[in-house]
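# An overview of the molecular structure
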Amino acid sequence: MFNGHRLSVARDRRSLTKKKLAEAVGVKPRTITGYEAGEYFPEPFVLRQLSRVLDFPIEFFFGDEVERPTVETASFRSLARMTARQRDAALSAGGIAYLVSDWVDNILNLPECSVPEIETSDPILAARLCRIELGLGLKPIANMTGLLEKIGVRVFSLTENCLEVDAFSIWRNSTPFVFLNTRKSSERSRFDAAHEFGHLVLHKDQKPSGKEAEKEANQFASEFLMPTEAFRDVSTSVSVDDIMRIKRKWRVSFAAIVYKLHISGRMGRWTYENYMKDISIRGWRKREPRPIDREKSILWAKVLAALK
């Protein structure tokens, strides 16, 4: 039987209003409302049009209802910066990710969740304890995405109509999910992944929202990717080339390195502020200098190879 809820998910996924979808299909907006409410079902011709416009197979509309993440449980960075349509597109992408994850889980044995359970609310201490539990020591993390996958986090990319959504994470029962915007720089995506990991560790039993929660996740990410102890021997008079070498080693943004050197006492306030101004002038906030290669999923490469 045609499922109107799935039509709603597909429409949100494509970031279309009922009016826009109705115009594209050739029906009235009230008709789309009726389809989604289950008041009546589309004729075969209209169903084919819906499938074409939304770019979903016809079979998709005949499944069970799709479980979607909710605004109340997802760790959205800033709801004020995104429209309701962008938010709903991201949540619908999350719901489809749930479908894919469940389907793969029924076929293959994916890594079980082993996200560290840390009994502290101090984000920096939590990051250090996570590094110890995961056996990372003071080494750089070569692949942040691969690390999350290894400990049972389901990592998915966000979609082209979710550009205002940096990333978000959520606990779905006992399985953690992280959604990353791959249109950001590789360095930014790595930091976003560590940021969302911080939410999973620090805010598992609470709604991860608000400036304080975001600040905590940022502190966690900075310490997790760049342990302060590893920066003790860095000279207090670093050059741009020095920072570039540090950046290449730790695989984070130029600005993140400068900030880390400042808060760890290796760079004075005057030097820090001048570096940050220079970063803005050079356009390095939007275009990372000497960018690193984008991380690739280790898990999905194995999944696709096994399914092939």
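Residues numbered from 1 in each chain as written. Predicted model: local features only at pLDDT ≥ 70, side-chain atom pairs only at ≥ 80, totals over all residues. Heavy atoms only, no water.

### Some points on the overall build of the protein
- For the protein, the helix and strand inventory stands at 13 helices and three strands.
- Taking the principal axes of its C-alpha atoms as reference, the protein extends roughly 70 × 45 × 35 Å.
- Here the protein holds 308 residues, and 50% of them are scored as buried.
- A separation threshold of at least 6 residues defines the contact pool for the protein, and within that pool the share at least 24 residues apart is 69%. (Helix = DSSP H or I, 4+ residues; strand = E, 2+ residues; numbered from the N terminus. Buried < 20%, exposed > 50% of the residue type's maximum accessible area, 1.4 Å probe, protein only. Contact = heavy atoms within 4.5 Å.)

### Comments concerning the pattern of salt bridges
- Using the criterion set out here, one finds 18 salt bridges in the structure.
- In this structure, E223 and R128 form a salt bridge, with 3.0 Å as the shortest nitrogen-oxygen distance. Linking E223 in helix α9 (residues 211-225) with R128 in helix α6 (residues 123-133), this pair joins segments that are 95 residues apart in sequence.
- Taking the shortest distance from any N to any O, the salt bridge between E187 and K247 comes out at 2.7 Å. Pair noted here: E187 is in helix α8 (residues 186-202) and K247 is in helix α10 (residues 240-250), with a separation of 60 residues, a long-range link. Note on accessibility: E187 and K247 belong to one class, buried. (Salt bridge = Lys/Arg side-chain N within 4 Å of Asp/Glu carboxyl O.)

### Re the nonpolar core
- Counting residues in hydrophobic clusters, the biggest one holds 48 residues, and the most contacted among them are M144, F197, F220, F224, I243 and V258.
- At seven residues, the largest contribution of residues to this core is made by α8.
- Beyond its immediate stretch of four places on either side in the chain, I243 contacts V238, F254, I257, V258, L261, M267 and Y275.
- Counting residues in hydrophobic clusters, the runner-up holds 19 residues, among them A74, A90, A97 and I170. (Core = buried A, V, L, I, M, F, W, Y, C linked by side-chain atoms within 4.5 Å.)

### So, a nonpolar patch on the surface
- Side chains of W103, I107, L304 and L307 sit close together on the surface and give an oily, nonpolar patch of about 410 Å² of accessible area.
- Structurally, the position occupied by L304 is in helix α13 (residues 299-307).
- The class of L304 is exposed, set by a relative accessible area of 56%. (Patch = residues over 30% accessible without salt bridge, like charges linked within 9 Å, V, L, I, M, F, W, Y side chains within 5 Å. Areas by Shrake-Rupley, 256 points an atom, 1.4 Å probe, with all protein chains shown as cover.)

### Quick word on α9
- Relative to the 21 Å expected for 15 residues at 1.5 Å per residue, α9 spans 21 Å between its end C-alpha atoms, a close match to the ideal helical length.
- For α9, the full list of buried residues reads A213, E214, E216, A217, F220, A221, S222, E223, F224 and L225.
- The elements touched by buried residues of α9 are α6, α7 (144-150), α8, α10 and α11 (254-263). (Expected span 1.5 Å × (residues − 1).)

### Re the environment of P29
- Positionally, P29 belongs in helix α3 (residues 29-37).
- For P29, a relative accessible area of 39% gives the class partly exposed.
- Between the C-alpha atoms of P29 and Y272, which are 243 residues apart in sequence, the distance is 55 Å.
- Excluding residues that lie within four positions of it along the chain, P29 makes contacts with K18, K19 and A22.

### As for the state of the cysteines
- The tally for this structure, following the rule as stated, stands at zero disulfides.
- Left without a disulfide partner, C113 is nearest to the cysteine sulfur of C130, which lies 11 Å away.
- Of the residues examined, C113 reaches a relative accessible area of 35% and is grouped as partly exposed.
- Residue classification places C130 among the buried residues on the basis of a relative accessible area of 0%. (Disulfide = S-S within 2.5 Å.)

### Some thoughts on the sheet that holds strand β1 (residues 154-157)
- Spatially, the three strands line up as an open sheet ordered β1-β3-β2, and their pairing is mixed. The sheet is open, and its two borders are formed by β1 and β2 (167-172), each paired with just one other strand. Neighbouring strand axes in the sheet, compared pairwise and without regard to direction, differ in orientation by 20° on average.
- Along the sheet face, α8 touches β2 and β3 (175-180) and points at about 30° away from the line of β2. (Pairing = 2+ DSSP bridges. Axes fitted to C-alpha atoms, helices over the stretch in contact; angles between N-to-C directions.)

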